[in-house]
Amino acid sequence: MNADGELEKLVEWVEGVRKRVHEIAGEWQDEEGSLIMILHAIQDEIGYIPRGVANELAKATGISLARIYEVITFYTYFRLTPPGNHEIHVCMGTACYLRGAESIQAKLLQQIDLMKAAGGAKDDFQVDCVRCIGCCGLSPAVVMDGKTYGRLNPEDSPEILKQKPGV
Amino acid sequence: MDKQPLTARELDTFVQEASVAERWIRVGMDTGGIAAGAQEVYDALIEARDSSGLDIDIQQTGSIGLSYADPVVLVGGNDLPTLVLGDMDADSARELFAGYFRDGRLLDDRVIATKDRGTDFDGTQQQVILVKDTGDGDSHHRTTIFQNLIREDLEARGLDQKIAVVRALDMGLYHRGVCVQMLPSRVTYASVTGADIRRLVDESLRNGIVLDDLLVPGGDPQERISMRNCGSIDPSELESYLRAGGYQGLKRALVDMNPEQVIEELKTSGLRGRGGAGYPTWLKWKNTRGQESDRRIVICNADEGDPGAFMDRSILEGDPHSVLEGMLIAAYAIGADTGFFYIRVEYPLAVKRVQKAIKQCREAGLLGENILGTGFSFDAKVRFGAGAFVCGEETALIASIEGRRGSPEPRPPYPSIKGLWGKPTSINNVETLATVSAILEKDGNWYAGFGTEESRGTKVFAVTGKVRNPQLVEVPMGTPIRTIIEDICGGAGHGSPIKAVQTGGPSGGVIPVDKMDTPVTYEALLELGSIMGSGGMLVMDESDSMVDVAKFYLGFCVEESCGKCAPCRVGGFQMLSLLKKIHAGDGVVSDLDTLRDICVCMQTASLCGLGQTAPNPVLSTLKYFEHEYLDLVTTPETVTSNGKGRKHG
Ligand SMILES: Cc1cc2nc3c(=O)[nH]c(=O)nc-3n(C[C@H](O)[C@H](O)[C@H](O)COP(=O)(O)O)c2cc1C
Ligand code: SF4
Ligand code: FES
């Protein structure tokens, strides 16, 4: 592996991100109530809000880094670390909870552990609980990488993890 | 649409020209529908149409609310009333073309019978008989037997080529034995026995005589006002909304009325806020208007925080223009120049539809300068939430738009006096605004004709949990809870009888089954120790532990507490520890008194609505189901026996 090449790519990436942060801040410059929208735009692109980016954003907007951090840490939607490469959202809304969301979550975690132990999981699954995802009619429901799986029972978890489509 | 701003007169042409294609299909493409596979159904329909060469209009719409049957498709044509088909998939979509539109064949177990039932045949030849056994037990088997019996009888009379006998997915009737609905008349019979089949065929189908002893009279307890267009228009087309009478309410307000008259019209309607507190909408507007300022603002609260509710999402996804029109009317009434939609970022489709609606209105001149040539100017923008329930609270919401942490501030001053950037601000809920546009299109008296003296109009509820058919329901206020749960949603759905219904989400309380005849009004629910809230209605059955439910809601509030004030931060935490302890079987009787004490303290000393109402689920379960707490305190085995409360993972 060519270490110099890797480094160059990294530097290029960082420079690209820096530019985007200023561009996004510029787009929102004349808009009222923009900080949270800017943070959303950044997280949409990068997946999280790295410290360096927050720093850059402070420079671009004139808002203090402390205040930016205050906001990022208050809102659970914003992430300070990169997400896993598969995001699983287990709905823990009322309807799903009543219909066994907790055991679905437990089964998913157990299954992921099993896959890891077997060395079969190259992928990194991130399991989060979310509140009602808006399809209680399909409860209990799980969203994986943007696709919703509904009317589940705990035994369905291996299927979801294999990314078999279909409800 | 051309880029010239619309004039008031041009608006009317859309309504006048509105015509429905002869044969059409509408696919419910809201989040719930799409999650269940509506996109695949839509794609299959388009493909099947293109290869069939048939001229059939296929449209994407929002949800009509029947979540239990998603994906749902509406079909018009073949001289039948609109058919509602549920549990669709790509195959059954193709079959619509191969079977239904070609030779009138309908798939079994798809059609949902209408509750808007007919009472006579009007001399029409019936084409379809829907049949289903609505009793308990092996109803599928009995349904099939009856389907065959009716078919045989039709065959014997030579009618089998004219009339199709189709198993229904749902009859809209429950525990009424074998039911049939005949189409196009919609005449519906219940408790049909084998002996009735001959009469059904001979008298009703051949001679058009209604069998009064079996007849189920018409009467859908629902009334769609806020959800008037959900499922019937294309939410991503402005013209579709205009053809349904859209922006007529705005036109009436701008052209025929001054702002005071608009406020007066709202007063006549009796509309109260649908976001939770039920404050009269006209009064909020009057207060905001009455405040001297160089600028006023209107906000649509689309943060829908109740963890089991989806009314606002459905309206935003199914009919975003109705909310935008309501916002424009609010802005005119209070004298605002800017509006913000504060939308949960977890609702990406709602965000997309609202953004598109705004863009369309800017292009059509319904947003911007000199709207409809009346001199009124206004623009609307979208701002996202970021996963904080407390931001549904007005002052926290304002802080969030301003780019700060969403911490509530003491009220007064209310936002109507000092709101966003210190300017007088009216914050209105999604459903409230969707109703405003309907009220202005018709009039205040018309709206006031629904509901009760104190609680006027209709309310949307998201009925979920242990109910047979979870769905969105819109009923006149004053409708008994039992009608909603049993007549509309089919009652208990998971083998165990209903124990209680929770309303108002984390700020609400439980209503035990013996109080289900209570009418839904702000006052009646309050009296029972619950609240109307935003419209979540969670059904629980005998297998659900009330302590577990209380723990769930309290856990939600503790997690979502902003931590600014001690009663909520500390009280909530302590209470949750106690509930966990009790639930695990380690509690003592005196813990219940401690719980009650903390509840009172939180209710009285918390800064905002979150902390003030968080104890409600605990207090109301203690009020009606204290024995469940006591059982746990004395006999811990009851927890383990139903498998609840064990920590997983
Ligand atoms: C913790 C908390 C959360 C709330 N969440 C919402 C919400 O998600 N949507 C909403 O419309 N109102 C919510 N409310 C009520 C709003 O503060 C406000 O009363 C409402 O938006 C006013 O609109 P309305 O008069 O049309 O109901 C919440 C209140 C509290 C205290
Ligand atoms: S009551 Fe709770 S949520 Fe409200 S301000 Fe106090 S700590 Fe924050
Ligand atoms: S509670 Fe899970 S989708 Fe609503």
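Residues numbered from 1 in each chain as written. Chains lettered and ligands numbered in written order. Predicted model: local features only at pLDDT ≥ 70, side-chain atom pairs only at ≥ 80, totals over all residues. Heavy atoms only, no water.

Topic: the domain arrangement of chain B
All names here are of chain B. Along its sequence, chain B is carved into domain 1 (23-114), domain 2 (118-219), domain 3 (238-448), domain 4 (455-539) and domain 5 (545-649). Each of domain 1 and domain 4 was reduced to a C-alpha centroid, and the two centroids are 30 Å apart. Each partner contributes to the interface: domain 1 provides four residues, whereas domain 4 provides four residues. In total, about 360 Å² of surface goes out of reach between domain 1 and domain 4, with carbon and sulfur atoms giving 58% of it. The largest share of the area that domain 1 buries against domain 4 comes from Gly65, Ser67 and Tyr68, three residues that together contribute 85% of it. The interface formed by domain 1 and domain 4 holds two residue pairs in polar contact (both at pLDDT 80 or more) in total. Residue classes in the side of domain 1 that touches domain 4 are distributed as two nonpolar, two polar and no charged. (Domains from an automatic or database assignment. Contact = heavy atoms within 4.5 Å. Buried area = accessible area lost by both parts, 1.4 Å probe. Polar contact = N/O pair within 3.5 Å; in protein donor to acceptor, adjacent residues only side chain to side chain. Nonpolar A, V, L, I, M, F, W, Y, C, P; charged D, E, K, R; others polar.)

A short note on the sheet that holds strand β14 (residues 425-429) of chain B
Residue and element names in this part refer to chain B. Overall, mixed pairing links the five strands, which are arranged β12-β13-β11-β10-β14 in an open sheet. Each edge of the open sheet carries a strand with a single partner, namely β12 (368-371) and β14. Mean inter-strand twist for the sheet, computed between neighbouring axes without regard to direction, equals 25°. Sheet topology note: the strand β10 (residues 297-302)/strand β11 (residues 338-343) ladder contains six bridges and is parallel. When the sheet's bridge partners are listed, Ala302 is paired in β11 with Ile343. (Pairing = 2+ DSSP bridges. Helix = DSSP H or I, 4+ residues; strand = E, 2+ residues; numbered from the N terminus. Axes fitted to C-alpha atoms, helices over the stretch in contact; angles between N-to-C directions.)

Structural notes on the sheet that holds strand β1 (residues 86-91) of chain A
Residues and elements named next belong to chain A. Spatial ordering of the open sheet is given by β2-β1-β3-β4, a layout of four strands whose pairing is mixed. Two strands bound the open sheet, and with one partner strand each, they are β2 (125-130) and β4 (147-149). On average, each strand axis in the sheet is tilted by 25° relative to the strand beside it, whichever way the strands run. When β1 meets β2, the two strands line up parallel, connected through six bridges. In the strand pairing of β2, Val90 is matched with Cys129.

Quick word on the site of ligand 1
Residue and element names in this part refer to chain B. By nearness alone, 18 residues border ligand 1, and Gly275, Lys284, Asn301, Asn429 and Thr432 come closest of all. Here an oxygen atom of ligand 1 and a side-chain polar atom of Asn301 are 2.9 Å apart. Within the contact set of ligand 1, an oxygen atom lies 3.1 Å away from a backbone nitrogen or oxygen of Gly392. For ligand 1, the protein covers 89% of the area, taking 610 Å² as the surface of the free molecule. Under a 2 Å grid-point criterion requiring more than half of the atoms, the pocket assigned to ligand 1 is the second largest pocket. Of all the elements in the fold, those that place two or more residues in the shell around ligand 1 are β14 and α22 (609-613). Classifying every residue of the shell around ligand 1 by side-chain character gives three nonpolar, nine polar and six charged. (Near = heavy atom within 4 Å. Areas by Shrake-Rupley, 256 points an atom, 1.4 Å probe, with all protein chains shown as cover. 1 Å grid on protein atoms, 1.4 Å probe; cavity = no way out; pocket = protein on both sides within 12 Å on 5 of 7 lines; lining within 4 Å. Sits in = over half its atoms within 2 Å of the grid points.)

Things to note about the packing of aromatic side chains
In this structure the tally under the stated criterion is 14 aromatic pairs over all chains. Arranged with centres 6.3 Å apart and planes meeting at 75°, the rings of Tyr77 of chain A and Phe78 of chain A form a pair that is edge-to-face. For Tyr77 of chain A, a relative accessible area of 29% gives the class partly exposed. The interplanar angle of 65° and the centroid separation of 4.8 Å between the aromatic rings of Phe389 of chain B and Phe556 of chain B together place this pair among those described as edge-to-face. Here Phe389 of chain B, found in the loop between β13 (376-384) and α14 (394-401), pairs with Phe556 of chain B, found in helix α19 (residues 546-560); they are 167 residues apart in sequence, far enough to count as distant. Members of the aromatic cluster, connected to one another through ring pairs, are Phe74, Tyr75, Tyr77 and Phe78 of chain A. (Phe/Tyr/Trp six-rings, centres within 6.5 Å; stacked < 30°, edge-to-face > 60°. Buried < 20%, exposed > 50% of the residue type's maximum accessible area, 1.4 Å probe, protein only.)

Observations concerning the interface of chain B and chain A
Opposite the 61 residues of chain B that make contact, chain A presents 37 residues. In total, about 3,900 Å² of surface goes out of reach between chain B and chain A, with carbon and sulfur atoms giving 58% of it. On the chain B side of the contact with chain A, Ala386, Arg405 and Phe552 of chain B bury the most area, a combined 16% of that side's loss. At the surface where chain B touches chain A, the tally comes to four salt bridges. The salt bridge partner of Arg131 of chain A is Glu559 of chain B, with a shortest N-O separation of 3.3 Å. Inspection of the chain B/chain A interface yields 18 residue pairs in polar contact (both at pLDDT 80 or more). Counting only elements with at least two residues in the side of chain B that touches chain A, the list comes to α2 (31-36), β11, β13, α14, β15 (458-465), β19 (536-541) and α19 of chain B. Of all the elements, α19 of chain B adds the most residues to the side of chain B that touches chain A, at eight residues. (Salt bridge = Lys/Arg side-chain N within 4 Å of Asp/Glu carboxyl O.)

Some points on the pairing of strand β1 (residues 24-28) of chain B
Residues and elements named next belong to chain B. Most of β1 is tucked away: five of the five residues are buried. Neither face of β1 is exposed, since Trp24, Arg26 and Gly28 on one face and Ile25 and Val27 on the opposite face are all buried. With five bridges joining them, β1 and strand β2 (residues 57-61) adopt parallel strand pairing. When the sheet's bridge partners are listed, Trp24 is paired in β2 with Asp57. Bridge count between β1 and strand β3 (residues 73-77): four bridges; the pairing is antiparallel. The partner of Val27 across the bridge, within β3, is Val73.

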